[in-house]
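For reference, the chains in residue letters:
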Amino acid sequence: MSTRFETKIVIVLRDDLAGWQRSNVVAFLASGIAATVPELIGEPYADADGTAYAPMFRQPVVVLEGDAGTVRAAHRRAVDRGLRVPVFTADLFATGGDEENRAAVAAVPREELDLVGVAVHAPRNAADKITKGARMSG
């Protein structure tokens, strides 16, 4: 049974990332959405033997990709709509932790961020407009 959600979670990645970078960026950006919109998290899971598992998002996460301009455009459109979005910059691949990550982003003006990924949670039509030009990852 297919469920149509009123909102979308979309991650847009730069298309020139190495495999390990893509996985790392998706994980970090998804955590930003989960931290910002905790009501997106469902109930804990359990298997038939009663083993408990952690909860996850209630809805799918769509991963798209595009060139650097596409990622910048998605970021700009999201910020222009007043959305608080998680970002991942190329500089974060060389940092060692949360404080260094925040300092690396804080050191660069918004229009000069070397974005490799951005995540969005928004109403479906807004998310589609924000991520226009990005294509399915794969």
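Residues numbered from 1 in each chain as written. Predicted model: local features only at pLDDT ≥ 70, side-chain atom pairs only at ≥ 80, totals over all residues. Heavy atoms only, no water.

Considering the sheet that holds strand β5 (residues 87-89)
Hydrogen bonds between backbone groups are what pair the strands of a sheet, and the pairing can be parallel or antiparallel. Definition in use: We treat two strands as partners when DSSP finds at least two bridges between them. Helix and strand assignments come from DSSP, with helices taken as H or I runs of at least 4 residues and strands as E runs of at least 2, each series counted from the N terminus. Only heavy atoms enter the contact rule, under which two residues are in contact if any of them lie within 4.5 Å. Fitted lines through C-alpha atoms serve as axes, helices being fitted only where they are in contact, and the angles separating the N-to-C directions of these axes extend from 0 to 180 degrees.
Strand order in this open sheet of five strands is β5-β6-β1-β4-β7, and the pairing throughout is mixed. Two strands lie at the open edges of the sheet, namely β5 and β7 (135-136), each paired on one side alone. Relative to strand β6 (residues 115-123), β5 is paired through three bridges, and the arrangement is antiparallel. The residue of β6 that forms the bridge with T89 is L115. Its contacts with the sheet place helix α2 (residues 68-80) against β1 (7-14), β4 (61-66), β5 and β6, and it is angled at close to 40 degrees to β6.

A word on the environment of R124
Stated precisely, the cut-off is as follows: Think of it in three bands: residues with accessible area under 20% of the maximum for their type are buried, residues over 50% are exposed, and the middle band is partly exposed, with areas taken using a 1.4 Å probe on protein chains only.
By the secondary structure assignment, R124 is in helix α4 (residues 124-130). A residue is classified by how much of its surface remains accessible, and R124, at 24% relative accessible area, is partly exposed. For the pair R124 and K8, spaced 116 residues apart in sequence, the C-alpha to C-alpha distance is 5.2 Å. In contact with R124, other than residues within four places in its own chain, are R4, F5, E6, T7 and K8.

Let's talk about the side chain of T70
Following the sequence through the fold, T70 ends up in helix α2. In contact with T70, not counting residues within four places along its chain, are G133 and A134.

Section: the pattern of salt bridges
Where we set the bar: By definition here, a salt bridge exists when the distance from a side-chain nitrogen of Lys or Arg to a carboxyl oxygen of Asp or Glu is within 4 Å.
Counted under the stated rule, the structure contains eight salt bridges. We note a salt bridge from E65 to R135, for which the minimum N-O separation is 3.6 Å. Highlighted residues: E65 in strand β4 and R135 in strand β7, separated in sequence by 70 residues. By sharing partners, the salt bridges in this structure join D15, R22, E65 and R135 into a single network.

Some remarks on the layout of surface pockets
Put simply, the rule is: A cavity here means a set of points on a 1 Å grid, drawn over the protein atoms and nothing else, where a 1.4 Å probe fits but cannot get out; a pocket is an open set with protein on both sides within 12 Å along at least five of seven lines, and a residue lines either one if it has an atom within 4 Å of a point. Grid points are joined across faces, edges and corners, and a volume is the space filled by probe spheres set on the points. Residues are sorted three ways: Asp, Glu, Lys and Arg are charged, Ala, Val, Leu, Ile, Met, Phe, Trp, Tyr, Cys and Pro are nonpolar, and all the rest, Gly among them, are polar.
One number sums up the size of the largest pocket: a volume of about 490 Å³. Surrounding the largest pocket, 16 residues form its lining, G32, V85, P86, V87 and R102 being those nearest its centre. Taken together, the elements giving at least two residues each to the lining of the largest pocket come down to α1 (19-36), β5 and α3 (98-106). For the lining of the largest pocket, the element with the highest residue contribution is α1, accounting for six residues. Classifying every residue of the lining of the largest pocket gives nine nonpolar, four polar and three charged.

All quantities given are derived from atomic positions and should not be read as evidence of function.
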